[in-house]
Amino acid sequence: MTIFNSNTLIEITQQFGTPAWIYDAATIRQQIKQLRNFDVIRFAQKACSNTHILRLMREEGVMVDAVSAGEIERSLAAGYSNSDNPESIVFTADVIDRETLALVIQHDIPVNIGSMDMLHRIAESSPRHPIWIRVNPGFGHGHSEKTNTGGPNSKHGISLEDLPQAISLVNQYGLDLIGIHMHIGSGSDLEHLSQACQAMIDTVKFANVDIRAISTGGGLPTPYSKNDSELDTKAFFGLWDEARKEIENHLGHDIKLEVEPGRFLVASAGVLVAEIHCLKSTAQHHFVLVDAGFNDLLRPSMYGSYHEIEVLHQSEFTDQIDTSSSAVEYAVAGPLCESGDVFTQDASGVICHQALDKPRVGDLLVFNDVGAYGASMSSNYNSRPLAPEILVDKGLNRLVRKRQNIRNLLALEDV
Ligand code: LLP
C-alpha cells in the first residue's frame, strides 16, 4: 500500500508531470527515530542523495557518508561542515582520486579506508589525517550477490590478512585512527548482520589498537513485500551494544557506536509515479507500458528486485477499458528500446507478473518503496531526461529537483 493518499499523488503529477519521484518527510523522520539509540546515525547518501533530503537528515542530527567528490559537494551544499562538527561527513572508498583527496584535506573529512593503496596515498599526502579502517571480515551477505560486500569475492575493504600491516602504517605515519568499520552488504538480515558483531570484537582485539568508535556499516533490511518482515531494531541495537561493551572492556574506555544505513532510512519513504501509455497482450503476457523505464528505476533490471505496483485511476479515456480481458496479472514495462526494460522480473531476467486493478491507458502506476537506490541510480539512457523529485513535508509538496530536459543534455555536448 502506498504511503500517500491518491489525491496527493494525482495532484502532484498534474502539477509536475510523470514520471516523478515523490518522498514523504514524515516517514524518513519515523525511520530515523527507530535508530536513535546509536550514538551516531550516518546516512549512506548513495541511497538518495538529493540535497534537500540531506538537509532534512542534517536537521534531524543525522551525519552523512560520502563515496565520491560529488557526494562530498552535496553534503557541503546541504550545510554539513566538519569544522562545525568533526563527525559530520566521512568519505568511504577503496580508491581516492586527486580531486577527492584535495577535498578531504581541505575540509578535514575523515576517510574510511578500504585498500592498502588508498592508505598509502592518504598517509603520504596528509600524515595526521583522521581515518577509519574498513575491514572485510571474510564473509558478507546482501539481498543479491551484487550487493554482498564481504568475503573473498568482494573488492571492498582491507582483509584481515592485511590488517596488521595497515595498523603498522597508521602508527608509522601518526594517522589519527578513529575507528574500525565493517559493511558486509546491502539489504542483509538480522542473522547475518549480527555475525558482524562478533567479527568486530575479534577484529579490534586482533588489531591491537586504540580506537574511539566502531561502525556497523549499513545493510539494514526494509520490507518490500507483504512477506518481508520488519527489522527488529531493538534486537539489532542490543547485539551491537553488547559488542561495544566488550570492546570497551578490552580497551578500558568508552567508544562510540555508529550505524550507517541508506535503505532503512529512505526506501519506504519514496514512490515513483508513471503514466500508463499502452496495454498490449502477447501469447505469454499482458503488458502494461508506462513512461518510466529502467533509466529511472534500475533495481528490477539490475537485481530482479520486487517493487509493489498499484494503479491510480484517473484516466479520461474511459472508452478504452478493455472489458473483454479478464486479466488481473500484468507484466509492467517501460518505454526503452531494450527487452530487459521490465519492472516485473526475477534475478535471472524471467518476466513475472503482478496483480493490477483494471489498469487503463491514462491511469497512473505507483511503484512503492523506491526511496532508496531509485532516483540515485537513474541514468540518461535512450536520452531520457531525469525525472523530477518532490518532497512532501507538513502538507507542502516541494519540487526539490526539477525535471531535466534535453537542452540540459545537449548543452554538455556544445551543440
Ligand atoms: N555503507 C557502505 C560502505 C555501503 O557501501 C553501503 C551501500 C551502505 C552503507 C548502505 O547500505 P544500505 O543500508 O542502503 O543497504 N544499489 C543497491 C544497493 C547497493 C548498496 C551499496 N552500498 C540496491 O539498489 O539494492
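The written sequence of each chain sets the order in which its residues are numbered from 1. The predicted nature of this model means local features are confined to residues of pLDDT at least 70 and side-chain atom pairs, given and counted, to a pLDDT of 80 or more, with totals for whole chains, interfaces and linings taken over all residues.

A. Seen up close, the overall build of the protein chain. For the purposes of this entry, the term helix denotes a DSSP run of H or I that reaches at least four residues, the term strand denotes a run of E that reaches at least two, and both are numbered from the N terminus. Each helix and strand counted, the protein chain has twelve helices and 18 strands in total. Scaling as 2.2 N^0.38, a compact globule of 415 residues should have a C-alpha radius of gyration of about 22 Å, and the protein chain matches this with 23 Å. Principal axes of the C-alpha set define a box for the protein chain whose edges measure 75 × 50 × 40 Å. For the exposure call, what matters is how many other C-beta atoms sit within 10 Å of a residue's own: 20 or more marks it buried, 12 or fewer exposed, and in between partly exposed, using C-beta atoms placed from the backbone. Of all 415 residues assigned to the protein chain, the portion counted as buried reaches 46%. Any pair of residues counts as being in contact when their C-beta atoms, constructed from backbone geometry, are within 7 Å of one another. Sequence separation of at least 24 residues holds for 71% of the intrachain contacts in the protein chain that already meet a minimum separation of 6. Both definitions apply: the radius of gyration is a C-alpha atom measure, and the globule rule equals 2.2 Å times residues to the power 0.38.

B. Broad picture of the pairing of strand 11 (residues 270-281). For strand 1 (residues 20-24) and strand 11, the ladder comprises four bridges, and the chain directions are antiparallel. The residue of strand 11 that forms the bridge with Ala20 is Val273. Alignment of strand 11 against strand 16 (residues 364-367), held across four bridges, turns out to be antiparallel. Bridged to Val273 within strand 16 is Val366. Strands are treated as partners if at least two bridges between them are detected by DSSP. The hairpin formed by strand 11 and strand 12 (residues 286-290) contains four residues between the paired strands.

C. Quick peek at the site of the ligand. The local shell around the ligand holds 22 residues, among which Ser186, Gly218, Gly262, Arg263 and Tyr373 are the closest. Classification used: nonpolar for Ala, Val, Leu, Ile, Met, Phe, Trp, Tyr, Cys and Pro, charged for Asp, Glu, Lys and Arg, polar for all others including Gly. The residue makeup of the shell around the ligand, split by class, is eight nonpolar, ten polar and four charged. The domain limits used here are those given by an automatic or database domain assignment. Two domains each provide a minimum of three residues to the shell around the ligand, namely domain 1 (36-260) and domain 2 (267-411). In this analysis a residue is considered near a molecule or strand if the C-beta atom, reconstructed from its backbone, is found within 6 Å of that molecule or strand.

D. Representation of the domain arrangement of the protein chain. Split into domains, the protein chain comes out as domain 1 (36-260) and domain 2 (267-411). The gap between the C-alpha centroids of domain 1 and domain 2 is 33 Å. In this assembly, twelve residues from domain 1 lie in contact with 18 residues from domain 2. Classifying every residue of the side of domain 1 that touches domain 2 by side-chain character gives three nonpolar, seven polar and two charged.

E. Quick peek at the UniProt feature "binding site: pyridoxal 5'-phosphate" (unreviewed entry) in the protein chain. UniProt positions are given in the numbering used here, feature names are shortened, and annotations may be inferred rather than shown by experiment. Here the UniProt-annotated "binding site: pyridoxal 5'-phosphate" (unreviewed entry) positions come out as Gly219, Glu260, Pro261, Gly262, Arg263 and Tyr373. Residue position: Pro261 is located in the loop between strand 10 (256-259) and helix 10 (263-266). Contact partners of Pro261, with chain neighbours within four places excluded, come to Ala44, Gly218 and Leu220. By the element assignment, Tyr373 lies in the loop between strand 16 and strand 17 (389-393).

F. Representation of helix 8 (residues 190-207) within the structure. For a helix, the expected span equals 1.5 Å multiplied by the number of residues minus one. Counted at 1.5 Å a residue, the expected span for helix 8 with its 18 residues is 26 Å, and the 26 Å between its end C-alpha atoms agrees. Restricting attention to buried positions, one finds in helix 8 the residues Leu193, Ala196, Cys197, Ala199, Met200, Thr203 and Val204. Turning to helix 8, the residues buried within the fold contact strand 6 (130-136), strand 8 (176-181), strand 9 (213-215) and helix 9 (233-251).

G. Structural view of the environment of Phe4. Structurally, the position occupied by Phe4 is in the segment before helix 1 (6-16). Using a count of 20 C-beta atoms within 10 Å as the deciding quantity, one classes Phe4 as buried. Residues Phe4 and Gly270 lie 266 residues apart in sequence; the distance between their C-alpha atoms is 9.4 Å. For Phe4, the residues in contact, after removing those within four places along its chain, are Leu9, Ile22, Asp24 and Val271.

H. Highlighting the environment of Met182. Along the polypeptide, Met182 turns up in the loop between strand 8 and helix 8. Residues Met182 and Asn85, spaced 97 residues apart in sequence, show a C-alpha to C-alpha distance of 23 Å. Excluding anything up to four places from it in sequence, Met182 contacts Val135, Pro137, Ala196, Ala199, Met200 and Gly217.

I. Seen up close, the nonpolar core. Membership of the largest hydrophobic core comes to 105 residues, with the highest contact counts inside it found for Ile22 and Leu365. Looking at this core, the element that brings in the most residues is helix 8, giving six residues. Taken together, domain 1 (36-260) and domain 2 (267-411) each give at least three residues to this core, which thus spans both. Those residues in contact with Leu365, other than ones at most four positions away along the chain, are Ala274, Ile276, Val288, Val290, Ile309, Val311 and Val332. Linking buried Ala, Val, Leu, Ile, Met, Phe, Trp, Tyr and Cys residues through C-beta atoms within 7 Å yields a set, and such a set is a nonpolar core.

J. Helix 6 (residues 116-125), seen in detail. Within helix 6, the full set of buried residues consists of Met118, Leu119 and Ile122. Buried residues in helix 6, looked at end-on, bunch into an arc of 105°, giving them a common side. The exposed residues of helix 6 that point more than 90 degrees off its buried face are Asp117 and Glu124. Buried residues along helix 6 sit in contact with strand 4 (89-93), strand 5 (111-113), strand 6 and helix 7 (163-173). The arc in question is the one spanned by the directions pointing from the helix axis to the C-beta atoms.

K. Spotlight on unusual backbone geometry. Of the consecutive residues Thr18 and Pro19, the connecting peptide bond is found in the cis state with omega at -10°. Along the polypeptide, Pro19 turns up in the loop between helix 1 and strand 1. With a phi angle near 60°, Tyr373 is a residue other than glycine that sits in the positive phi range. Even without glycine at this site, Lys394 takes up a positive phi of about 50°. With respect to the secondary-structure elements, Lys394 resides in the loop between strand 17 and strand 18 (396-401).

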